[in-house]
Amino acid sequence: MQALLKLQALDTKIADCMQKEKDLPRQKDRFAIQRKRLDEEMAQSEERCKKVEVEQRECAQDIEQRQEKILKYEGQLVDIKKNEEYKAVLHEIDLLKKQIGIREERSIALLYEQEETQAQLEEDKSRINEEIARVEAECAAVDRELAEMVAHREALQATRPDHRSQVDDELLRMYERIRKARIPAVVPLNEESCGGCFMTIRPQIVNEIIGNERVHCCQHCNRLLYYPGNVNFPEAEVLEESV
Ligand SMILES: [Zn+2]
């Protein structure tokens, strides 16, 4: 029974490792989401900058085109004989000049905006890069932890055949069968009740377990029962409670 408790303690440790191996990659999912959010933030900041630049360029082109038109109109003025026609062209030139004035004002405003968005972009860049570095470091830490966990679990599993060979064959068969349905499969007899399901065990069976006469399973939950006084294995209970 003592050898079986040792095996169970080992199996508990192995199961614990496997659970952690399953949970750890989920932490990386969280990092992936953070990483995506940071990339999006960066793209948005760059987009804002680009938008101002594009408008600035369009504004400059617009002004240039209108200035060319004015030159063209001014060239035509010399050849115009009719007074009305002359006035109409002058009016057009005047209109273009006003339009240029509005765009020049916008262009100045855009220059300030460009300075602001550029400064913001630089600020965002350094902040976001810092956060990305932090997320990547945490990701690497998770990978390291996972690799250590796998190595630890494999080392534990390597000792399992040795632990198994120390357990009585019949007991081992029972243990392996019960373990598929209930963990822990082996539980202590507490006073007169099962340490697994807490139901009362018949006095005759209690006596047989205490007397170490026969191995019994709990008639309610089917777990293997042992009397703590009969074994010298304090770690067993500590391990069971930590699960
Ligand atoms: Zn029980």
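None of these values were measured; they are calculated from a predicted model.

A. Quick peek at the sheet that holds strand S2 (residues 193-194). Within the open sheet, the four strands sit side by side as S2-S1-S4-S3. Their pairing is mixed. Each edge of the sheet is formed by a strand with only one pairing partner; in this case those strands are S2 and strand S3 (216-217). In the sheet, strand S1 (residues 186-190) pairs with strand S4 (residues 224-226) via three bridges, with the strands oriented parallel. Residue pairing for S4: Val-187 is matched across the bridge by Leu-225.

B. Spotlight on the coordination of the zinc ion. Within the protein, Cys-194 (SG), Cys-197 (SG), Cys-218 (SG) and Cys-221 (SG) serve as the donor atoms for the zinc ion, at 2.3 Å. Classification of the site at the zinc ion as tetrahedral follows from its four donor atoms and the range of 106 to 115° in their angles at the metal. Since its relative accessible area comes to 24%, Cys-197 is described here as partly exposed.

C. Structural context of the packing of helix H1 (residues 2-77) against helix H2 (residues 83-158). Look at H1 against H2: their axes get within 6 Å of each other, and the N-to-C directions meet at 165°. By the angle class used here, H1 and H2 are roughly antiparallel. As H1 packs across H2, the resulting crossing turns out to be left-handed. Of the residues assigned to the contact of H1 with H2, the class counts are 34 nonpolar, 13 polar and 31 charged.

D. Main features of the pattern of salt bridges. A complete count under the given rule lists 25 salt bridges for this structure. Its salt-bridge partner being Glu-136, residue Arg-35 comes within 2.6 Å of it at the nearest N-O pair. Of this pair, Arg-35 sits in helix H1 while Glu-136 sits in helix H2, and the two are 101 residues apart along the sequence. On the accessibility criterion, Glu-136 (42% relative accessible area) is partly exposed. Where Glu-138 meets Arg-134, a salt bridge forms, and the shortest distance between an N and an O atom there is 2.8 Å. One end of the pair is Glu-138 and the other is Arg-134, both in helix H2 and four residues apart, which spans about a single turn. Residue class for Glu-138 comes out partly exposed when judged on its relative accessible area of 30%. Accessibility expressed as a relative area gives 38% for Arg-134, which makes it partly exposed. What emerges from the salt-bridge pattern is a single network uniting Arg-37, Glu-41, Arg-48, Asp-124, Arg-127 and Glu-131.

E. Main features of unusual backbone geometry. A cis amide bond links Ile-183 to the next residue, Pro-184, at an omega of 0°. Tracing the chain through its elements places Pro-184 in the loop between helix H4 (169-179) and S1. For Phe-198, which is not glycine, the phi dihedral falls at a positive 70°. As for its placement among the helices and strands, Phe-198 is situated in the loop between S2 and helix H5 (203-210). Exposure remark for Phe-198: the relative accessible area of 61% places this residue in the exposed category.

F. Fine view of the packing of H1 against H4. Two elements in contact, H1 and H4, have axes whose closest approach is 11 Å; the angle formed by their N-to-C orientations is 30°. With respect to H4, the element H1 is oriented roughly parallel. For the pair H1 and H4, the crossing hand works out as right-handed. Note on element contacts: H4 touches H1 through Leu-171, Leu-172, Tyr-175 and Arg-179, opposite Leu-4, Leu-7, Gln-8 and Asp-11.

G. Region of interest: the nonpolar core. Ranked by size, the top nonpolar core spans 17 residues in total, and within it Leu-4, Leu-5, Leu-7, Val-167, Tyr-175, Val-186 and Leu-224 carry the most contacts. Contributing elements (two or more residues each) for this core: H1, H4 and S4. Here this core takes five residues from H4, the largest share from any one element.

H. Seen up close, the layout of surface pockets. Roughly 170 Å³ of volume is contained in the second largest pocket. What lines the second largest pocket is a set of 14 residues, and nearest its centre among them are Met-1, Ile-209, Asn-212, Arg-214 and Val-215. Secondary structure elements with two or more residues in the lining of the second largest pocket: H5 and S4. A per-class count over the lining of the second largest pocket returns eight nonpolar, three polar and three charged.

I. Representation of the domain arrangement of the chain in the model. Domain annotation of the chain identifies domain 1 (15-159) and domain 2 (168-242). Here the C-alpha centroids of domain 1 and domain 2 sit 67 Å apart.

Cut-offs and rules
- Residues numbered from 1 in each chain as written.
- Predicted model: local features only at pLDDT ≥ 70, side-chain atom pairs only at ≥ 80, totals over all residues.
- Heavy atoms only, no water.
- Pairing = 2+ DSSP bridges.
- Helix = DSSP H or I, 4+ residues; strand = E, 2+ residues; numbered from the N terminus.
- Donors = N, O, S within 2.8 Å, 3.2 Å for Na, K, Ca; no water.
- Tetrahedral: all angles 85-135°; square planar, octahedral: opposite > 155°, others 65-115°.
- Buried < 20%, exposed > 50% of the residue type's maximum accessible area, 1.4 Å probe, protein only.
- Axes fitted to C-alpha atoms, helices over the stretch in contact; angles between N-to-C directions.
- Parallel < 35°, antiparallel > 145°, perpendicular 65-115°, else oblique.
- Left-handed = near helix turned anticlockwise from the far one by under 90°.
- Nonpolar A, V, L, I, M, F, W, Y, C, P; charged D, E, K, R; others polar.
- Salt bridge = Lys/Arg side-chain N within 4 Å of Asp/Glu carboxyl O.
- Contact = heavy atoms within 4.5 Å.
- Core = buried A, V, L, I, M, F, W, Y, C linked by side-chain atoms within 4.5 Å.
- 1 Å grid on protein atoms, 1.4 Å probe; cavity = no way out; pocket = protein on both sides within 12 Å on 5 of 7 lines; lining within 4 Å.
- Points joined across faces, edges and corners; volume = space filled by probe spheres on them.
- Domains from an automatic or database assignment.

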